[in-house]
Amino acid sequence: MIPDEVIKRIQDLFRPSPVLLVGSGFSCGYGLPGMWEVAQHLIGALNSSSMSRDAFSLWEAHRAEINEDFEKGLNQIPSGAPAREELVAEIRKLISRLIVNRTADAECRIRSVKNPQTEAPARLLKRIYAGIPQNTECAPIITTNYDTLLELFCDFAKLPLDTGFEGHRHRFFREGTIYRTLYRRESVQVKNIMQFEYRHFTNIRLLKPHGSVAWHSTDYGPVEILNHADAGSRAIVIPGPSKYEDALVMTLFDSVRTEMNACIRNASGLMCLGFGFNDAHLQGAIRDRLRYRMPMLILTKKLTANIEALLADHPHIISISEHPDGSSCHADGSIYVSNEPIWTLDCFLKTFLE
């Protein structure tokens, strides 16, 4: 049984709404590939690729390392190696094509549900949106996933969404201030006189530090286009050789990363959904806040080695994961077992928040 004190802390995390951090575990539940499956797909696809001989030789030289550890192996590709740019472009294209196809399949299944607006992700998003504090402009949601499932669930939940782009069919990245603060005019009565006030028009602010299959690199800058067939132009940060280069050099990714770190620094709390903490460059701001005991909840199927290390360093973190008898909850150095599958989002919401 989970103690009442831990239950209260979970509920208090949502007053006000926490920043939501969504990892690959969320999308895997809808049939999107995890890192291991992406690696296996890439290894098979590159064997039949039409790359030049130099690019293929570069790939072959590091294939064994990549097969053993995907990202670590890709990082072994020297920055000055001949045909490196060609190989990186081919890797980006193949990963994009896989994610685009799987995303289309997943979204088709989600749309076929009788009432998709009542699915657990839509309910969670509504809850977070409803908990935006007064005079706060948005509810930040960070995801390392390339897919567009969160965007879809925001639509089903009928929530206003800002992705950092504006337009209709060809949506352009906002340079300078990537996310826009919006206001609405309201009439209020002051001493029997009607006056106008401008208050924040709140929205969901979606931050994707690794990019999106809806983002495209063009000669005139990054754009967001939904359901575009060309996989070669996708603006995604791939694991390995160009990961940090893209994240630090390209204006788009640098802007998103800066906004993401600011959101974490200002967060009242953090909820991590299907995030394994295997991405070191996203964790600096989180660890800084955890030193000051920022409330944090981890909801995941499996505890990774990095999550276990995080729990050891910061026992105040609450984690809920799968257990042979249902679910296990780590809190303050203790482990509690529940017979219910509260590690799943649907059961979690019904148990603690609904």
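Analysis parameters
By convention here, each chain's residues receive numbers from 1 onward along its written sequence. Where totals are concerned, whole chains, interfaces and linings use all residues; where local detail is concerned, this predicted model gives features only for residues with pLDDT of at least 70, and gives and counts side-chain atom pairs only at 80 or more. Water and hydrogen atoms were dropped before computing side-chain values, which therefore reflect all heavy atoms in the structure. A run of H or I in DSSP becomes a helix once it reaches four residues, and a run of E becomes a strand once it reaches two; helices and strands are each numbered from the N terminus. Radius of gyration: C-alpha atoms only; globule rule: 2.2 Å multiplied by the number of residues to the exponent 0.38. Type-normalised accessible area, obtained with a 1.4 Å probe on protein chains alone, sets the label of each residue: buried when under 20%, exposed when over 50%, and partly exposed for intermediate values. Note on definitions: a residue-residue contact is assigned when non-hydrogen atoms from the two residues lie within 4.5 Å. Per-residue and other accessible areas were derived by the Shrake-Rupley procedure at a 1.4 Å probe size, with only the shown protein chains allowed to occlude residues. His is not counted, nor are the chain ends; Lys and Arg add positive charge and Asp and Glu add negative charge. Just so you know, the charge point we use is NZ for Lys, CZ for Arg, CG for Asp and CD for Glu. Given a helix with a known number of residues, its expected span is that number minus one, times 1.5 Å. Between any two strands, at least two bridges found by DSSP are needed for them to pair. Only the stretch in contact is used when fitting a helix axis, every axis being a line fitted to C-alpha atoms; angles between N-to-C directions are given from 0 to 180 degrees. Should an angle fall under 35 degrees it is taken as roughly parallel, and over 145 as roughly antiparallel, whereas 65 to 115 is taken as roughly perpendicular and any remaining angle as oblique. Crossing chirality is assigned from the near helix's rotation relative to the far helix, an anticlockwise turn below a right angle marking it left-handed and a clockwise turn marking it right-handed. Lys, Arg, Asp and Glu make up the charged group, whereas Ala, Val, Leu, Ile, Met, Phe, Trp, Tyr, Cys and Pro make up the nonpolar group; the residues left over, Gly among them, are polar.

A.B. asks: Requested: an account of the overall build of the protein, with residues and values cited.
C.D. replies: Check the secondary structure of the protein and you find 13 helices and 16 strands. The C-alpha radius of gyration computed for the protein amounts to 22 Å, which stays within 12% of the reference 20 Å derived for 354 residues, consistent with globular compactness. Principal-axis analysis of the C-alpha atoms places the extent of the protein at approximately 75 × 55 × 45 Å. In the protein, which comprises 354 residues, the share counted as buried stands at 51%. Taking all contacts inside the protein whose residues are at least 6 apart in sequence as the whole, residues at least 24 apart take part in 66%. On the protein, roughly 17300 Å² of surface is accessible, and the fraction owed to carbon and sulfur atoms is 50%. Considering the protein, the positive charge centre built from 39 side chains and the negative charge centre built from 42 side chains are found 6 Å apart.

A.B. asks: For helix α10 (residues 251–265), give the residues involved together with the corresponding values.
C.D. replies: For α10, which comprises 15 residues, the first-to-last C-alpha distance of 21 Å matches the rise-based estimate of 21 Å (1.5 Å per residue) to within 8%. Listed as buried for α10 are L252, F253, S255, V256, M260, N261, C263 and I264.

A.B. asks: Go over the sheet that holds strand β11 (residues 234–236), please, and point to the residues and values.
C.D. replies: Spatial strand order, β4-β5-β10-β9-β11: five strands in an open sheet with antiparallel pairing. Of all strands in the sheet, those bounded by a partner on one side alone are β4 (165–166) and β11. Across two bridges, strand β5 (residues 171–173) lies against strand β10 (residues 223–224) in antiparallel orientation. Looking across to β10, one finds that R171 is bridged to E224. Against the sheet, helix α6 (residues 84–112) engages β9 (211–216) and β11, with an angle of about 100° to β11.

A.B. asks: Before we move on, can you summarise the packing of helix α3 (residues 35–47) against α6 with the specific residues and values?
C.D. replies: Between α3 and α6, the shortest axis-to-axis distance is 10 Å and the interhelical angle comes to 120°. In terms of axis orientation, α3 runs oblique to α6. Where α3 crosses over α6, the handedness of that crossing is right-handed. On the side of α3, the interface is formed by E37, V38, H41, L42, A45 and L46, while α6 contributes L87, E90, I91, L94, I95, L98 and R102. Considering only residue class, the contact of α3 with α6 consists of nine nonpolar, one polar and three charged.

A.B. asks: Pulling in residues and values, what's your account of the sheet that holds strand β14 (residues 318–323)?
C.D. replies: In a beta sheet, neighbouring strands are held together by backbone hydrogen bonds and run either parallel or antiparallel to one another. With mixed pairing, nine strands are arranged side by side in an open sheet as β3-β8-β2-β1-β12-β13-β14-β15-β16. Sheet topology places β3 (161–162) and β16 (334–338) at the edges, where each strand pairs with a single neighbour. In this sheet, β16 lies alongside strand β15 (residues 326–331) in antiparallel orientation, the contact comprising five bridges. Among the inter-strand pairings, S328 is bridged to a residue of β16, identified as V337. The strands that helix α1 (residues 4–13) touches are β12 (270–273), β13 (296–299), β14, β15 and β16; relative to β14, the one it contacts most, it runs at about 110°.

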